[in-house]
Each structure stands twice: as C-alpha cells, then as structure tokens.
Amino acid sequence: MSDELNPAVPDSATAEGPETESEETVKQRKNGLYPGVSDELAENMKSGWADTELRDLKPIEQAGHTARRRAALSARFPGERLVIPAGNLKTRSNDTEYPFRASVEYAYLTGNQTEDGVLVLEPRGDGHEATIYLLPRSDRENGEFWLSGQGELWVGRRHSLTESEALYGIPASDVRELADRLREATGPVRVVRGHDAGIEAALTDKVTAERDEELRVFLSEARLVKDEFEVGELQKAVDSTVRGFEDVVKVLDKAEATSERYIEGTFFLRARVEGNDVGYGSICAAGPHACTLHWVRNDGPVRSGDLLLLDAGVETHTLYTADVTRTLPVDGTYSEIQKKIYDAVYDAQEAGIAAVKPGAKYRDFHDAAQRVLAERLVEWGLVEGPVERVLELGLQRRWTLHGTGHMLGMDVHDCAAARTETYVDGVLEPGMVLTVEPGLYFQADDLTVPEEYRGIGVRIEDDILVTEDGNRNLSDGLPRRSADVEAWMASLKG
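Quick caveat, the model's predicted, so the values are computed rather than measured.

Analysis parameters
Residues numbered from 1 in each chain as written. Predicted model: local features only at pLDDT ≥ 70, side-chain atom pairs only at ≥ 80, totals over all residues. Heavy atoms only, no water. Phe/Tyr/Trp six-rings, centres within 6.5 Å; stacked < 30°, edge-to-face > 60°. Buried < 20%, exposed > 50% of the residue type's maximum accessible area, 1.4 Å probe, protein only. Helix = DSSP H or I, 4+ residues; strand = E, 2+ residues; numbered from the N terminus. Lys NZ or Arg CZ within 6 Å of the ring centre and 35° of its normal. Pairing = 2+ DSSP bridges. Axes fitted to C-alpha atoms, helices over the stretch in contact; angles between N-to-C directions. Contact = heavy atoms within 4.5 Å. Left-handed = near helix turned anticlockwise from the far one by under 90°. Nonpolar A, V, L, I, M, F, W, Y, C, P; charged D, E, K, R; others polar. Core = buried A, V, L, I, M, F, W, Y, C linked by side-chain atoms within 4.5 Å. Polar contact = N/O pair within 3.5 Å; in protein donor to acceptor, adjacent residues only side chain to side chain. UniProt positions renumbered as here; feature names shortened; annotations may be inferred. pLDDT = per-residue confidence, 0-100.

S.K.: Could you clarify how one ought to interpret the packing of aromatic side chains in this entry?
M.R.: How two aromatic rings sit relative to each other is given by the distance of their centres and the angle of their planes. Overall, the coordinates contain nine aromatic pairs when judged by the stated rule. Residues Y334 and Y342 carry aromatic rings whose centres are separated by 4.9 Å and whose planes lie at 40 degrees to one another, so their mutual orientation is tilted. Accessibility assignment for this pair places Y334 and Y342 in one class, buried. Note on Y362 and Y423: the rings are 5.2 Å apart at their centroids and 85 degrees apart in plane angle, and the pair reads as edge-to-face. Taken together, the residues span a long stretch of sequence, with Y362 in the loop between helix 13 (336-354) and helix 14 (364-379) and Y423 in the loop between helix 16 (397-400) and strand 13 (433-436) at a distance of 61 residues. The residues Y362 and Y423 share a single accessibility class, namely buried. An aromatic cluster is built from Y362, F365 and Y423, whose rings are joined through pairwise contacts. Positioned above the aromatic ring of Y108, the side-chain terminus of R69 is 4.3 Å from the ring centre. For the cation-ring pair, R140 lies above F145, with the distance from its terminal atom to the ring centre recorded as 4.5 Å.

S.K.: Whenever I open this one, the sheet that holds strand 5 (residues 127-134) confuses me. Can you help?
M.R.: The strands making up a sheet are joined through hydrogen bonds of the backbone, oriented either antiparallel or parallel. Spatially, 6-5-4-1-7 is the arrangement adopted by the five strands of the open sheet, whose pairing is mixed. Edge positions in the sheet fall to strand 6 (172-174) and strand 7 (189-191), since each has one partner strand and no second. Sheet twist, expressed as the average angle between the axes of neighbouring strands with direction ignored, equals 25 degrees. Pairing of strand 1 (residues 81-85) with strand 4 (residues 118-124), which is carried by four bridges, proceeds in the antiparallel orientation. Each bridged residue has a counterpart across the sheet, and for I84 the counterpart in strand 4 is L119. Each of strand 5 and strand 6 is contacted by helix 6 (residues 161-168), which is oriented at about 150 degrees to strand 6, the strand it contacts most.

S.K.: Looking at this model, I keep getting lost on the packing of helix 10 (residues 228-250) against helix 12 (residues 260-274). Mind explaining?
M.R.: Helix-helix packing: each pair is described by the crossing angle between the helix axes and the interaxial distance. Relative to each other, helix 10 and helix 12 sit at 145 degrees, their axes nearing to 9 Å. Seen from above, helix 10 lies across helix 12 with right-handed handedness. Contacts between helix 10 and helix 12 involve S240, T241, R243, G244, F245, D247 and V248 from the former and I263, T266, F267, R270 and E274 from the latter. Counted by class, the contact of helix 10 with helix 12 contains four nonpolar, four polar and four charged residues.

S.K.: Teacher, can you tell me more about the nonpolar core here?
M.R.: One recurring pattern in soluble globular proteins is that nonpolar side chains are buried together. Counting 92 residues, the largest nonpolar core has L73, I84, I263, I341, W380, L440 and F442 as the members making the most contacts within it. Per-element tally for this core: the top contributor is helix 10, with nine residues. Once you skip the residues sitting within four places of it in the chain, L440 turns out to touch I341, A344, V345, L373, L377, W380, W399, T400, I456, G457 and V458. Formed by 17 residues, the second largest nonpolar core is a distinct cluster that contains I353, V356, Y362 and C415.

S.K.: Before we go on, may I ask you to explain the side chain of E144 in this structure?
M.R.: Of note, E144 is situated in helix 4 (residues 144-147). In this structure the side chain of E144 is engaged in a polar contact, spanning 2.6 Å, whose partner is the backbone nitrogen of D139.

S.K.: Sorry if this is basic, but what is going on with the UniProt feature "domain: Aminopeptidase P N-terminal" (unreviewed entry) in the protein chain here?
M.R.: As annotated in UniProt, the feature "domain: Aminopeptidase P N-terminal" (unreviewed entry) corresponds to residues 60-200 in the numbering used here. Along residues 60-200, the helical share is 34% and the strand share 22%, with 29 Å between the first and last C-alpha atoms.

S.K.: What should I look at first to understand the pairing of strand 16 (residues 462-467) in this one?
M.R.: For a regular strand, side-chain orientation follows a simple rule: the groups alternate between the two sheet faces. Of all six residues that make up strand 16, six are buried, and the element is covered over most of its length. Side-chain alternation along strand 16 places D462, I464 and V466 on one buried face and D463, L465 and T467 on a second face that is also buried. Relative to strand 16, strand 13 is paired through four bridges, and the arrangement is antiparallel. By the bridge assignment for strand 16, V436 is matched with D462. Summarising the sheet, strand 16 and strand 17 (residues 470-473) pair through four bridges and their orientation is antiparallel. Paired with L465 across the strands is R472, a residue of strand 17. The hairpin turn running from strand 16 into strand 17, its antiparallel successor, is two residues long.

S.K.: Honestly, the sheet that holds strand 10 (residues 307-312) in this entry has me stumped. Any pointers?
M.R.: Read from one edge to the other, the open sheet built from three strands follows the order 9-10-12, with strand pairing classed as antiparallel. Of all strands in the sheet, those with a lone pairing partner are strand 9 (283-286) and strand 12 (324-329), marking the two edges. Pairwise comparison of adjacent strand axes, ignoring direction, gives a mean angle of 10 degrees for this sheet. Looking at chain direction, strand 10 and strand 12 are connected through six bridges and run antiparallel. Residue pairing for strand 12: L310 is matched across the bridge by R326.

S.K.: In this structure, what is going on with the confidence of the model for the protein chain? I would like to understand it.
M.R.: Atom-level detail of predicted coordinates should not be read off regions where pLDDT is low. For the protein chain, per-residue confidence averages 94 on the pLDDT scale, and residues scoring 70 or more make up 95% of the total. Confidence, expressed as mean pLDDT per element, reaches its minimum in the protein chain at helix 4 with 93 and its maximum at strand 16 with 99. Confidence drops under a pLDDT of 50 for residues 7-25, and excluding neighbours within four residues, the segment shows 46 contacts in the predicted structure.

S.K.: What exactly am I supposed to notice about the environment of L391 here?
M.R.: On the secondary structure map, L391 appears in helix 15 (residues 387-393). L391 sits in the partly exposed class, given a relative accessible area of 23%. C-alpha separation for the pair L391 and Q370, spaced 21 residues apart in sequence, amounts to 7.8 Å. When neighbours within four sequence positions are excluded, L391 is seen to be in contact with Q370, R371, A374 and Q396.

This is the structure in structure tokens:
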C-alpha cells in the first residue's frame, strides 16, 4: 500500500463529526517521505482536470421502494425530526480501515451505502421532508482530493450531491454542515444510535434512549415482511450461494491438501465476484469442528471420511444476504452412522418447513423440528422418554443446542430489534423470509453418547419465503436428501 504522498488520515469520522472545509488540514505521516507540499505543486494540482460530472443518471432500482418506506416511517412519527446515520469508517489497524458497510436502517430507507451519510426527515405540515446528507466530491481547490487519506485520488471518486439526488430521489446536502444544524434544532428528535458518534453528540441534549429505541424497533419490524424487490434480492443472494457451494465441492481435494481456509477462500471468491461480500463469517467446519456452532477460525484439517458443515451466504450489492447450510461427506459418501444422523436432521427440517405457512405461529416450525429430533434421540436410547417429557424439560437441547431458525434479510439475523410479540410470539405472514435449520451435534468429548457418535455435527439450513398458500424454498437449488447430496457431489466431481 503506497504512502508516497503521505495522505491525511480520514478527517470525516472524528468524535466531533465531519470537519468543515475551513478546518481541514493536511495531516502528515510521522515517517512519510515528503516533508510537505510546495506552493507551486499545490497550485499546479488545482487545475487541468476534465469535467467528470455524471449527467442523465437514472434512479436506483429500489428508489420507489425506499420512498414508500420513508413514507411509512413519516406516518409513524408525525411532527418529529428523525435522524438515521449510515455510520463511519472503522479503523482496522493504525491507518487502515475495515471495508465500510452502511447501517441497515440507513440503507433500507435510502439505497445509499456511503460512509458518513445521514438521512434526516424534517417535519413539514402533515408529513416530513427528507434530505440525505453526504460528503460532496473531493475539493480540488484546497487539495483534499489528493492529500486527504479519503480523497478521490486515494480511495476513488464519490458522487456529487447533484448526482446523488438523481440516484436516490432525495434532496442532498453537505453532511459536514449537519452537526451544527442539529445542535441548533428545536422540537422532538429521534436518532438511530450506535452508528455515528459525532451525530449523536450533536443531539445529546435532545434525545432519550427510550424514544430512540422506539425508532429502532419500528424500523426493525418494518422489515419483517419483504416487498417484491427484497424477495428478488434474496433470491439473487441464494442463487449465488448455490454456485458458491458448487465451487467448494469441486475443490474439496485441494481443501484436503491444505485446510478449511481453502473452502473459505473458494466461497469468498464467488461472493466477491457476484455480490458485495459474504453476509457473515463463513463457517467451514470439518470433522469435529462441525459441533462448534459458529466455527469461523476455519484453520482445521479437511479429511476424507469426515463431514464438512458449510454454513455460508453471499450478500448482494444491495446488502441482502443468503444463509444456507449443508453438511457434506468430504469423500462424497456418508458412512452408516453419518447417514443415520443426517437423515434424522433432514426429517426434522422437512417437518419444520411443512409448518411454515401464513397464519401459523412463528414458533410452530421450531416446535415441529424439535419434536422429530427428540423422537430420534429417545429412539436411539440417548435420552429417556417419553418425548413429551424430553420436550417439556428441554433435554434434547444437549445435542440440538440452538433455535431452528430466524428472520433473514439485510441482516443475517434480520429484524432482531423487533418486539417479541411481533417476532418470536408472532404469526407468519406472506412475504416473511426465515431460515429453517435444525441440527444435531455430538461433541467429541461427550461421554453420554456412544463413541461412534462423537465428533459428528449435522445442520441443514434453507431460506424459506412465506407465500399466500404456504411457502417456497428459495434455496431448493441445493439438494438436501442424503442420496441426492451424494449424487450431486459425484456429478460435480465427475
């Protein structure tokens, strides 16, 4: 990574918020090779640049949907100023940052994904007037475009405010002026917390945690039912994920020669080629690592005869993620005990998926899957029945461990701030998308089960859309039945 021009560290994400143009300075690196900038060079860099303004831009595909979402938000909080930040860059180490990902609330309401952005809904009459506050193009007059660490010659061109207005269908203003405006604002205000310390500091005497939480909860619950654009994006994410799983199967021999990291890297390539990123840290768990629910170290061996539990999802460019799991025999064929456990999980998932339908309780699919798993555990003599007793006491949880699914969308565990009565204790509606993912995990050191069970972990997970007359498995492009999985793997390795 070059530092020849000693670019400034980012000056737009300070604790006090973005600096104004007059406050911007060139921050030299301590050990940079250039001691400064001559007046002649500074003057030279101001001119001789072509006009690159983009004209005749069309609105982004979801602009109509984001406008409708803002209207619903406006109706819920009449007469109140609403502030929804995108967030700021976060330091990874020294002067390097993590790749930026906008807050879900901000991206959901605007479609924009740039750092430091803030959506503000100002009360006007019976509704609100929305403004999107963004960093404008890098300033060429003061040298910011080539001297700042976030200048365009270092990190790439930003859209101008005029371009942004055309793309997002929202009037755009300079975000560097927003903190002062908010400090002077009067009347009730709510802000989505946790994303922009500078914006929160400007509102510190105007907001309350309770009122802000109501805003966060509303925006979380607004995402429970997906519109047609969101369903389409989730299907794109799933389709790319299916291809990523196929990629992995084709290189299992190379993973055996290296480690789980080869699997992680293979899937990541698909995610970056066809989407924005992975939607969460890929779980590439071979052998007994499959019994660790969130195994993301991915540094273990991949051995023939073991199972590979691959839990991964591609995130689209619009930030919708898939979440799919398959448990695959590394050598292409399940052993007798592996198949026995796998088929039990498959039967549990079948029962869970069948329970997903409009009007059903959200908990129904979990209860249906857990019942099947409890029945098998009793049948195998691993826990004493009857099944009703096992379920009442939760005894099956030693080996099932987790819930059977969750909402899915722009977060892998979407809508997490929703009220319990509208989520876990709620009722399924058409347009909801959730995972169904039962599992059985027999830890390598579990002395309560026969030795042949130990170190085997199986999870099968699919992304299910609630429809008007039942459900649709968005990830049915990946086989689930054990015999079908073996045939699919054989065809890919063929």
